[in-house]
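# Report on the structure
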Amino acid sequence: MTDIETYITQLFAQEDEALSWARSAPEREQMPRISVEPFEGKLLNLLAQLVGARKIVEIGTLAGYSGIWLARALPEDGQLYTLEISSKHVEVAQANFERAGVSDRVTIQHGDAIDHLNKLTAKGPFDMVFLDAKRDQYLDYLKWAVVNLRIGGLLVSHNAHRGALAAQQPDNEDAAMMNQFLHAVAEHPQLTATIISMGDGMLVARKTS
Ligand SMILES: C[S@@+](CC[C@H](N)C(=O)[O-])C[C@H]1O[C@@H](n2cnc3c(N)ncnc32)[C@H](O)[C@@H]1O
């Protein structure tokens, strides 16, 4: 974390015991340590509050860290649907949602995100969709999100700064896919967007029509 990120975290994004347990879970459970940072989690929480989110879809649960930040922005009758391909990650995340006291408003959908998105359509429209998984399906997630967000709803994506690496690193497939996705968002007639340059960059796009 940079000094500024540490300052923001201490001032605005302090974790309780459940959040810090969930963020350290990947280390304990031999899972990849790729959760959002606390200040990014707080940003997600605030964005969800700003749109009065009642129904959120997250793609990429890992240990449930970002999911806890999102779920805590929901009203009691709200619901976070979080999609995860790894059974181990599902098990760890479920325990972390319980520990954080949000399991009543979180449904983990186990399997490939694309399959679950198609089933989730019936529960929409959604107020917010947060992308934080493997980049090769992002153009499909974009198509789904534009159809299934309400007007005024938000499409948010972690790791948006990676798109900027595409020009300097022609062999970086992750950067190329992120760049392609960001261009598709920028050119989409139903979205207005920008990147909030904190952490690894948070794309925030609003569905306008
Ligand atoms: C970056 S991590 C998510 C981190 C989490 N959002 C957080 O900040 O706490 C990405 C997760 O996406 C999952 N994933 C990757 N490809 C997927 C797919 N096709 N469908 C569902 N989940 C997927 C991985 O197993 C991993 O747990």
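Because the structure is a prediction, the values reported are computed rather than measured.

### So, the site of the ligand
- Taken together, 21 residues lie around the ligand, and V36, G60, S66, E84 and H89 are the ones closest in.
- V36 has a polar backbone atom sitting 2.8 Å from an oxygen atom of the ligand.
- At 3.4 Å, a backbone N or O of L62 approaches an oxygen atom of the ligand.
- Relative to its free-state accessible area of 610 Å², the ligand is covered by the protein chains to the extent of 91%.
- A molecule is said to occupy a pocket when more than half its atoms come within 2 Å of that pocket's grid points, and by this definition the ligand occupies the largest pocket.
- Of all elements in the fold, only helix 4 (65-71) and strand 2 (79-84) reach the threshold of two or more residues within the shell around the ligand.
- In terms of residue class, the shell around the ligand is made up of nine nonpolar, seven polar and five charged.

### Side note on the pattern of salt bridges
- Counted by the stated rule, this structure contains ten salt bridges.
- We note a salt bridge from E15 to R23, for which the minimum N-O separation is 2.6 Å.
- With a relative accessible area of 25%, E15 lands in the partly exposed category.
- Given a relative accessible area of 34%, R23 falls into the partly exposed group.
- Across the pair D174 and R135 runs a salt bridge whose closest N-O atoms are separated by 2.9 Å. Of this pair, D174 sits in helix 8 (residues 173-187) while R135 sits in the loop between strand 4 (126-131) and helix 7 (138-148); the two residues are 39 residues apart in sequence, bridging distant segments of the chain.

### Some words on the pairing of strand 1 (residues 55-59)
- Burial within strand 1 is extensive, with four of its five residues counted as buried.
- As paired elements, strand 1 and strand 2 share five bridges and run parallel to each other. Directly across from K55, in strand 2, lies its bridge partner Q79.
- In this region the chain leaves strand 1, passes through helix 4 and returns to the parallel neighbour strand 2; the handedness of that crossover is right-handed.
- Judged from the four bridges that link them, strand 1 and strand 4 form a sheet pairing that is parallel. In the strand pairing of strand 4, I59 is matched with L131.

### Overview of the packing of helix 1 (residues 3-12) against helix 3 (residues 38-50)
- At a closest axis distance of 9 Å, the pairing of helix 1 and helix 3 adopts a crossing angle of 55°. The orientation of helix 1 relative to helix 3 falls into the category oblique. The interaxial crossing formed by helix 1 with helix 3 has left-handed handedness. On helix 3, the residues that touch E5, I8, T9 and F12 of helix 1 are P38, F39 and K42.

### Notes on a nonpolar patch on the surface
- Residues Y7, L11 and F12 make up a contiguous nonpolar surface patch of roughly 370 Å² in combined accessible area.
- Looking at the secondary structure, you find L11 in helix 1.

### A short note on the packing of aromatic side chains
- If you walk through the whole model with that rule in mind, you get five aromatic pairs.
- Consider the rings of Y138 and Y141, whose centres lie 5.6 Å apart with planes at 45°: the pair is tilted. Of this pair, Y138 and Y141 both sit in helix 7, three residues apart, which is roughly one turn of that helix.
- A relative accessible area of 1% places Y138 in the buried class.
- Centre to centre, the rings of Y138 and F181 are 5.1 Å apart; their planes meet at 80°, and the pair counts as edge-to-face. Pair noted here: Y138 is in helix 7 and F181 is in helix 8, with a separation of 43 residues, a long-range link. F181 carries the same exposure label as Y138, and that label is buried.
- Above the ring of W21, the side-chain terminus of R28 is found at 3.5 Å from the ring centroid.
- For R99, the ring lying beneath its charged end belongs to W21, and the centroid distance is 4.0 Å.

Definitions and limits used
Residues numbered from 1 in each chain as written. Predicted model: local features only at pLDDT ≥ 70, side-chain atom pairs only at ≥ 80, totals over all residues. Heavy atoms only, no water. Near = heavy atom within 4 Å. Polar contact = N/O pair within 3.5 Å; in protein donor to acceptor, adjacent residues only side chain to side chain. Areas by Shrake-Rupley, 256 points an atom, 1.4 Å probe, with all protein chains shown as cover. 1 Å grid on protein atoms, 1.4 Å probe; cavity = no way out; pocket = protein on both sides within 12 Å on 5 of 7 lines; lining within 4 Å. Sits in = over half its atoms within 2 Å of the grid points. Helix = DSSP H or I, 4+ residues; strand = E, 2+ residues; numbered from the N terminus. Nonpolar A, V, L, I, M, F, W, Y, C, P; charged D, E, K, R; others polar. Salt bridge = Lys/Arg side-chain N within 4 Å of Asp/Glu carboxyl O. Buried < 20%, exposed > 50% of the residue type's maximum accessible area, 1.4 Å probe, protein only. Pairing = 2+ DSSP bridges. Right-handed = clockwise from strand over helix to strand, strands pointing away. Axes fitted to C-alpha atoms, helices over the stretch in contact; angles between N-to-C directions. Parallel < 35°, antiparallel > 145°, perpendicular 65-115°, else oblique. Left-handed = near helix turned anticlockwise from the far one by under 90°. Contact = heavy atoms within 4.5 Å. Patch = residues over 30% accessible without salt bridge, like charges linked within 9 Å, V, L, I, M, F, W, Y side chains within 5 Å. Phe/Tyr/Trp six-rings, centres within 6.5 Å; stacked < 30°, edge-to-face > 60°. Lys NZ or Arg CZ within 6 Å of the ring centre and 35° of its normal.

The values reported here are purely geometric and, on their own, carry no functional implication.
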